[in-house]
Amino acid sequence: MARRTLVLLISSIVFNLCGAFASVSDDHSRPMILPLHLSSPNANWHHRRAFDGRRLQRSEPNSQMRLYDDLLANGYYTTRLWIGTPPQQFALIVDTGSTVTYVPCFDCEHCGRHQDPRFQPDLSSTYQPVKCDINCNCDKKEAQCTYERRYAEMSSSSGVLGEDVLSFGNESELVPQRAVFGCENIETGDLYSQRADGIMGLGRGRLSVMDQLVDKGVISDSFSLCYGGMGVGGGAMVLGSIKSPPDMVFSNSDPFRSPYYNIELKEIHVAGKPLKLNPKIFDGKHGTVLDSGTTYAYLPKDAFHAFKDAVTRKVNFLKQIHGPDPNYQDICFSGAGRDVTQLSKVFPQVDMVFTKGQKFSLSPENYLFPHTKVSGAYCLGIFENGDSTTLLGGIVTRNTLVTYDRANDKIGFWKTNCSELWKRLNYSNAPPPAPSAFDGRNTSVEISPSIAPSGLPDTVIPGVLQVGLISFDMMLSINNTIKPNFTELAESIAHELELNISQVRLMNYTHTGNNFVITWAIIPAESANCFSNTKAMGIIRRLKGHQMHIPQKFGSYQLVEFKVEPQMKRSWWKQHYWAVAVAVLVTSVLGLLALGTWLVWKYRLQDIVSYEPVAARAIVPEQELQPL
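Here is what the cut-offs are and how they apply
Note that residues are indexed from 1 along each chain, following the sequence as it is written. Predicted model: local features are reported for residues with pLDDT of at least 70 only, side-chain atom pairs are reported and counted for 80 or more only, and whole-chain, interface and lining totals are derived from all residues. Excluding hydrogens and water, the side-chain figures rest on all heavy atoms present in the structure. UniProt positions are given in the numbering used here, feature names are shortened, and annotations may be inferred rather than shown by experiment. Buried means the residue's accessible area, taken with a 1.4 Å probe over protein chains only, is under 20% of the maximum for its type, while exposed means over 50%, and partly exposed covers the values in between. Under the DSSP-based scheme used, a helix requires at least four consecutive residues in state H or I and a strand at least two consecutive residues in state E, with every element numbered from the N terminus. Side-chain atoms alone can form a polar contact between residues adjacent in sequence; in general such a contact is a pair of N or O atoms within 3.5 Å, and within protein one must be able to donate a hydrogen while the other accepts it. Only buried Ala, Val, Leu, Ile, Met, Phe, Trp, Tyr and Cys residues count toward a nonpolar core, and they belong to the same one when joined by side-chain atoms within 4.5 Å. The split of the chain into domains comes from an automatic or database domain assignment. Working rule for contacts: check all heavy atoms of both residues, and any pair within 4.5 Å makes them a contact. Between any two strands, pairing holds if DSSP finds at least two bridges. All axes are obtained by fitting lines to C-alpha atoms, using only the stretch in contact for helices, and the reported angles, taken between N-to-C directions, cover 0 to 180 degrees.

Per an unreviewed UniProt entry, the protein chain goes by the name Aspartic proteinase-like protein 2 and belongs to Prunus yedoensis var. nudiflora. The UniProt entry for the protein chain carries the following comment under Sequence similarities (unreviewed entry): "Belongs to the peptidase A1 family."

Structure (C-alpha cells):
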C-alpha cells in the first residue's frame, strides 16, 4: 500500500509569470465543480451515511467532472483533464501539495507506463512553448523554460513548460482556458511507477491551476474537496466559491508562513479527553499542513505515541495483530467486525481543536484503514513523522467537505456524505459550453465522445427485482482494421464500472471494415447471485450517460442497447448441489469403510479353518510372480 507524502518539496520551480493578478469579484466569477468518483473494485462493503434534508447552497454557477481511483488502493484521486486542440486526455492526481500541473511528454527520456498516451505538442494546433527569458531556468538549447519538482518521498519530475488549452469535460460550464503546464522529460520514484499520468497542481503559486484561473477572472479564489467514505466512493471537487454551511468549522490559514495549506491545530482529543501535549507541538515550521496528495496522516513523535496509546487503551478488548505489510510496523486490531457502519461503536471519536476552541470531529474512518489480509481488522492510518511537521492527508478528510477559502485565508470543515454531495448541492446536468476562440482562431474543442443513443431505454429497477445480468452492445470505430485487444478493453470497462475483470464477459462480436459491434455481459461477483439495486443502477446510469472512458487506441464508441435480466431461478439440483455432493462423498466413505471391515472379518475367519497336511496336497511347480 503506497504511503505518499507529496507535500514537502526539496527544491522548487524557478519560474515567475509576469503581470499583476487581476482582482476577482465573487459576483461575476464562476466556480468549476468536479464530482469525485472513487473506484474500489476490491471493496467488500458499501457504507452510506444517513442523508439528512439539509441543502448546501450555491452562490455561483458551476461545472462538473468525475474523479477516479481509490484513496487507499492507489494512494490518490485522479481527475480527467484535456490538453490541446484537438484535446488529448490525461488522468491527473488532484494534489493541493503541488503547484504545477504536468503530464508526460512524447519525447520523455525516462517516463513510466501510465494510463494514457503521452502528450504530443505537434498534434495540438494551440500549443506554444514558454520561451526562455530572465525569469526562468532554460533548457540546453536556451529556448524554452523548464521546471523541476522533487518530493520528500524521493520522487521527482522535470521537463519544459508549455502553454495550451485546458478543457474540463463535457459537463463543465467553464469554457476551455489557456494555461501553462509542464511537459515531463524525466520522472522518478512513485511518479514513474504510478498508473496516473501526472499531477494537477492546486497549491499556491503562479503555475497552479487555481492561480491561473483566478488570474483570468473566470473563478473566485476558493475551492473545495470532498472525499467519499471507506469503501464507498463518490464526492466532489469545487473550483470557485460556494456558500458555506452554517455549521462549517473554520481554522485560520497563513499563506505567508508556508507555501502549503496550513491550519492552526492546538489540541487532539481522544474519546473526549485531550492528549497531554504541549500545544506548540502542532506548530512546526509549516504549521499543520493539509495535503490531498498524501494518503495518510503524520504526527510528530510525541504526538503520535500519545495518540496511539490513547486509542489502544480504548480498544484493549480487541486483539492487536501484525499489519498487512511486513515493511511497516502498523498498529492493527482484529475483532472489530466487517460492518464499517458500526466502527464508531468500537473505536473512539477523535476531535481536532483549533485556535478559538472550535472542534472538528473525526470518525474512525478518518484515522483507520482496513487490514487487507484479516477480515474485520483495522489499522491506524496515522503514523509518526520523521520531523516536527504535522501532515494531514486525504484519510483525515473522508466524508468531509473541506473549503480552501484562499481569499479570506481560512479553511473550513463540514462533515457530510460526500457520495451524496451532489444531491445536496441539487445541481442539474448542464450542457457543455460552446467552443471558444483562442488567438483569433476558431478552435472547436470536442472533448467527449458522442452523446449516448436515444435508443437506450429508461430502465428503472423496482425494489423487488434482483438483477442477475446486464448486457450491452458497443459499437467501436477504430482507425484500422486490426482486431482490438478484447482483454485490455474488458479491463478498461471493468475499471470504469468499478468491477472485477472476472465480471466482464465478451459474448460475441461482428465487424465491418473499421466498425466493430461487441456484446458484453456484466455478471455479479463470484460471491453473489445478483447485483444490489444500488450497484445495478450505478452501472446502468454510467452506460446511459455515456460516462465510460476507454483508451484512445480503441477509437470512439457508442452504446447501441443494453438489457437488464433478473436473477435466474436455479433448479433444485443447482441450489443444493453442494449438499448432494457432500452426501455422495459421505456415503462413499461409509461404503468403503464397511467393505474394508467385511474383508478383514473374512480374512480372519480363514485363519481358524482346518487345512490338510502339506503332504496330502498335490505338489505343484513353483511359479514366478509375474510383474503387475
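Next comes the rest of the write-up.
Peer 1: Just give me the short version of helix α2 (residues 209–216), but keep the residues and values in it.
Peer 2: Most of α2 sits inside the fold, with 6 of its 8 residues counted as buried. Of all the positions in α2, only Val209, Met210, Asp211, Gln212, Leu213 and Val214 are classed as buried. N-capping of α2 is provided by Ser208, with a side-chain oxygen placed 3.2 Å from the backbone N of Met210. At the C-terminal side of α2, Gly217 shows a positive phi close to 80°.

Peer 1: Please provide a residue-by-residue account of the nonpolar core, values included.
Peer 2: One recurring pattern in soluble globular proteins is that nonpolar side chains are buried together. Core analysis: the largest hydrophobic core is formed by 86 residues, its most contacted members being Leu239, Phe307, Phe347 and Tyr367. Inspection of this core shows a minimum of three residues originating in each of domain 1 (63–219) and domain 2 (247–396 + 406–411). When sequence neighbours within four positions are dropped, the list of residues in contact with Phe347 reads Val315, Leu318, Phe333, Ala336, Pro364, Tyr367, Leu368 and Tyr378. Residues Val504, Phe516, Phe531 and Phe554 belong to the second largest nonpolar core, which totals 29 residues.

Peer 1: If you had to explain the sheet that holds strand β19 (residues 319–321) to someone new, which residues and values would you point to?
Peer 2: Here 4 strands make up an open sheet; going across it, the order is β19-β20-β24-β23 and the pairing antiparallel. For this open sheet the edge positions go to β19 and β23 (368–370), each flanked by a neighbour on one side alone. The average undirected angle you get between the axes of adjacent strands in this sheet is 35°. Two elements, β23 and strand β24 (residues 378–380), share 3 bridges in a ladder whose sense is antiparallel. What sits directly across from Phe369, in β24, is Cys379.

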